[in-house]
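Listed below are the residues making up each chain.
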Amino acid sequence: MEKVNVYFFGKKYEVPANLTIMTGLEYAGYQLLRGCGCRNGFCGACATIYRIKGQQELKMALACQTKVEEGMYVATLPFFPLVKQVYDIEKVSPEQAIMMQLYPEIYSCIGCNACTRACPQGLHTMQYIADAQRGDFKKCADESFDCVMCGICSSRCPAGISHPQVAMLARRLNGKYLTPDAEHLKKRVKEIYDGDFEAAMKDVMGKSDADIRDLYNNRDIEQ
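Conventions and cut-offs
Residues numbered from 1 in each chain as written. Predicted model: local features only at pLDDT ≥ 70, side-chain atom pairs only at ≥ 80, totals over all residues. Heavy atoms only, no water. Helix = DSSP H or I, 4+ residues; strand = E, 2+ residues; numbered from the N terminus. Phe/Tyr/Trp six-rings, centres within 6.5 Å; stacked < 30°, edge-to-face > 60°. Lys NZ or Arg CZ within 6 Å of the ring centre and 35° of its normal. Pairing = 2+ DSSP bridges. Axes fitted to C-alpha atoms, helices over the stretch in contact; angles between N-to-C directions.

Draft legend 1. Molecular detail of unusual backbone geometry. The backbone phi angle of Phe 9 is positive, close to 55°, even though this residue is not glycine. Looking at the secondary structure, you find Phe 9 in the loop between strand S1 (3-8) and strand S2 (11-16). Non-glycine residue Asn 113 carries a positive phi angle of around 70°. By the secondary structure assignment, Asn 113 is in the loop between helix H2 (96-102) and helix H3 (114-118).

Now the structure itself:
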């Protein structure tokens, strides 16, 4: 098996070359118990800083989707700095003024596109910020739908924009005020509150792990 030399938190390890940074950390003995989404936490929490020996560029990526490389120096942060404004979604409205009030820094965007180039999800980050500037929250919500809130885009922004939080506000405004009500969903929620599924839930909770796996593997799947 081909192996590479990597440095996790300043200590040298030899790990298989086909591993991601995350699985490489685990191979080296680190336990990722909390934080990362695929480890019982939040997706986007594995944002990682690394540099390749002999290269000056400091790179940022998600540890779950980036492979280890020879001479890779890796460090992680507990979070990337983001400004998270506090607001009551019931008391705000889907108007351009709400962005000017909560996230005025978006109007300092210089159009460098560093946020888009840094996004590990390949999102058009600068574009959805432009949508937010215009008050087009539906388009901003659509463009940012796959954002995992890792904050890498913000770490590259010279204007100090908290892109993921801007996108989150746009998606909340879109879902609360702009998207038509899903009547079938409202009906199902009412059924849940009325206790229509209590018996079925108790039945499932009383099953063994093997029975639950069998129930899942043989479930009816809509075509």
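Having seen the model, we can carry on.
Draft legend 2. The packing of aromatic side chains, seen in detail. Summed over all chains, the structure comprises five aromatic pairs. Residues Tyr 7 and Tyr 73 carry aromatic rings whose centres are separated by 4.2 Å and whose planes lie at 5° to one another, so their mutual orientation is stacked. Highlighted residues: Tyr 7 in strand S1 and Tyr 73 in strand S5 (residues 72-76), separated in sequence by 66 residues. Among the aromatic residues, those joined into a cluster by ring pairs are Phe 8, Phe 9, Tyr 13 and Tyr 30. Over the face of the ring belonging to Tyr 216 we find Arg 219, whose NZ or CZ atom lies 3.9 Å from the ring centre.

Draft legend 3. Seen up close, the sheet that holds S5. Read across the sheet, five strands follow the order S2-S1-S5-S3-S4 without closing on themselves; strand pairing throughout is mixed. The open sheet has two edge strands with one neighbour each: S2 and strand S4 (59-62). Each strand axis lies, on average, 35° off the axis of its neighbour in the sheet, ignoring direction. Of the pairings in the sheet, the one linking S1 to S5 comprises three bridges and is parallel in character. What sits directly across from Tyr 7, in S5, is Tyr 73.

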